[in-house]
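Each chain is listed here by its residues.
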Amino acid sequence: MSQTSLWWHDAVIYQVYPRSFADSDGDGMGDLPGITSHLADLRELGVDAVWLSPFYPSPQHDAGYDVADYRNVDPRFGTLADADRMIAEAHALGLKVVVDLVPNHTSSDHVWFQAALGAAPGSPERERYIFRDGKGPDGEQPPNGWRSTFGGPAWTRVPDGQWYLHLFDVTQPDLDWDNAEVRAEFLDILRFWLDRGVHGFRVDVAHGLVKDRDLADWDYPDQGPWVVPPEDNRPPMWDQEGVHDIYRAWREVLDSYGPDRMLVAEAWVQPVERITRYVRPDEMHQAFNFPYLFAHWTAADQRAVIEQSLATNATVGAITTWVLSNHDVLRHTTRLGYREPLKQLSGIGPGDPQPDAALGLRRARAATLLMLALPGSAYLYQGEELGLPDHTEIPDELRQDPTWERSGHTERGRDGCRVPIPWEADAPSYGFGPSDHSWLPQPASWAEYARDRQAGVPGSTLELYRDALRLRRSHSLGTGTLTWDSTGFAFRNGDVRVLTNFDGEPVALPVGAGVLLSSEPLDGDGRVPTDVTVWFTV
Ligand code: NOJ
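One structure accompanies this document, and this report is about it. (Residues numbered from 1 in each chain as written. Predicted model: local features only at pLDDT ≥ 70, side-chain atom pairs only at ≥ 80, totals over all residues. Heavy atoms only, no water.)

### Some remarks on the sheet that holds strand β16 (residues 532-537)
On the basis of which strands lie adjacent, the open sheet formed by five strands has the order β12-β13-β14-β16-β15 and antiparallel pairing. Each end of this open sheet is capped by a strand with a single partner; those strands are β12 (482-484) and β15 (514-518). Ignoring which end each strand starts from, the neighbouring axes of this sheet average 25° apart. Bridging between β12 and strand β13 (residues 490-493) involves three bridges; their strand directions are antiparallel. When the bridges of β13 are listed, Trp 484 appears paired with Phe 491. Of the strands in this sheet, β13, β14 (496-501), β15 and β16 touch helix α11 (residues 357-372), which is tilted by about 35° from β16. Where helix α14 (residues 461-474) meets the sheet, it contacts β15 and β16, and its direction lies at approximately 130° from that of β15. (Pairing = 2+ DSSP bridges. Helix = DSSP H or I, 4+ residues; strand = E, 2+ residues; numbered from the N terminus. Axes fitted to C-alpha atoms, helices over the stretch in contact; angles between N-to-C directions. Contact = heavy atoms within 4.5 Å.)

### Some details on the side chain of Arg 335
Relative to the elements of secondary structure, Arg 335 occurs in helix α10 (residues 332-335). Among the polar contacts made by the side chain of Arg 335, one reaches the main-chain carbonyl oxygen of Leu 324 at a distance of 2.9 Å. Arg 335 has contacts with Leu 293, Leu 324, Val 329 and Leu 330, leaving out every residue within four places of it along the chain. (Polar contact = N/O pair within 3.5 Å; in protein donor to acceptor, adjacent residues only side chain to side chain.)

### Describing the environment of Asn 144
Take Asn 144: it is sitting in the loop between β4 (131-132) and β5 (155-157). Separated by 221 residues in the primary sequence, Asn 144 and Arg 365 place their C-alpha atoms 46 Å from one another. With sequence-adjacent residues up to four places away left out, Asn 144 is seen in contact with Trp 155, Leu 215, Ala 216 and Asp 217. A polar side-chain atom of Asn 144 sits 2.7 Å from a polar atom in the side chain of Trp 155.

### Details of α14
Here α14 spans 20 Å end to end across 14 residues, near enough to the 20 Å set by a 1.5 Å rise per residue. By the criterion of burial, α14 is predominantly enclosed, with ten of the 14 residues buried. Just past α14, the residue Ser 476 takes up positive phi, approximately 50°. (Expected span 1.5 Å × (residues − 1). Buried < 20%, exposed > 50% of the residue type's maximum accessible area, 1.4 Å probe, protein only.)

### Overview of the pattern of salt bridges
Counted according to the given criterion, the structure contains 41 salt bridges. Here Asp 82 ties to Arg 85 by a salt bridge, and the two come within 2.8 Å at their closest N and O atoms. In this pair, Asp 82 and Arg 85 are both assigned in helix α3 (residues 80-92), three residues apart and thus about one turn of the helix distant. For Arg 248, the salt bridge goes to Glu 283, with nearest N and O atoms at 3.1 Å. Placement of the pair is Arg 248 in helix α6 (residues 243-255) and Glu 283 in the loop between α7 (272-275) and β9 (286-287), with a sequence separation of 35 residues. (Salt bridge = Lys/Arg side-chain N within 4 Å of Asp/Glu carboxyl O.)

Encoded structure:
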């Protein structure tokens, strides 16, 4: 690692979804003391940092991505003192803490939005949000035809007749980032958490803050943040040029705390070249690599996305990131359990074709081992180290994701990947908390994935992750350089060689190969079977 290398250049960052990680008080919802009590387990797993999804006061209409107060902790998750204790304990263990920042919208419970509702059209209170008069003789039509990501129109009318914009749920009004007060407020929120010792922010909907000034209509069927419209039909609500000024200002704040504080963009923009605009030297430090997450499980697609990711990030001198799972998509164990690539991002339910669990786990282990051999920074999502799949049979009446209601029960949403994780096979709620209560139901099969069933068991997914993280560190894979072999899907990173067999006949390793780690056992002849990744030296 060079002198100038910083922790986030090669960090493995573990995403904690606070509601579903560990419940200290038995109310069925995870909390900060629960997280603090398990930080040592994460250190022992071998990660460098944790990123926590939002834990701020919130009516929880979008699982906390509807923030009512950016400088406090929701009583369901604890107190500000609990947050301080969590950060202190993480630091004592040598872990960095990254928190989630949600700047595109507030909750409708936020004091600003409540003040806006109580104020007149055209007032300064309304100008922090995007209020407009409607169209038609009595203003009864929304100002434009934009659609909400969760379904239905992106506009809601208030009693005095004006409409406000919400690209997400009706309880998530979009802020107006042309407003100076909004800009100043978020600079202050950054400082608030930096002063408390956090090392970074994951920036929610980073491509959405600035909208086309004319709020131009957009004739495109799917208006969600992850759509890939043609270059000549760019969306008026996503990826506007103006967002970059915001991140330049934020970068100055972070830099004033030193080079070890970082920003990572959640920016669903395409093509991949546009993502690099968020990680230019004076903007954010990293952006999530969603094209990698969605790449199909074929040698050609994997190689293409890896090459393209490294090459495009290099054009701006940015670190490449890798991610396979998070709280918004089907876990990779589930995605890869379908032989035909799935169209939907999330939401398998009872009655839907179910994944092949064994195939999914086998491929997920191979995919993870491939990912952790790549240079750059990698993100893990809680539970993937247990090989956890989605809960694909949650009864519809127990669903919590607003997508289910707002889509008129046509899209099931993201609950399946958010189910509380299992720690102990034989404890209530599989050790998630002291009671048998969990805010989403855990399937009976969770016992077999429990951490205590896997700890110390050679070949378990937990031990595979632990070994991979240890070797990744000792061989400096995160700061290495990738060189492809001339044949097959194989590459070299420093002194480690990596081979994945995606299909077909078992593949022989070079003569003299010494296996460091393999996602599954090799066959009787020492060859690499299908859907297996091997790290070796030669
Ligand atoms: C992206 C978050 O990851 C997702 O969970 C949330 O619903 C939307 N942004 C809106 O904040």
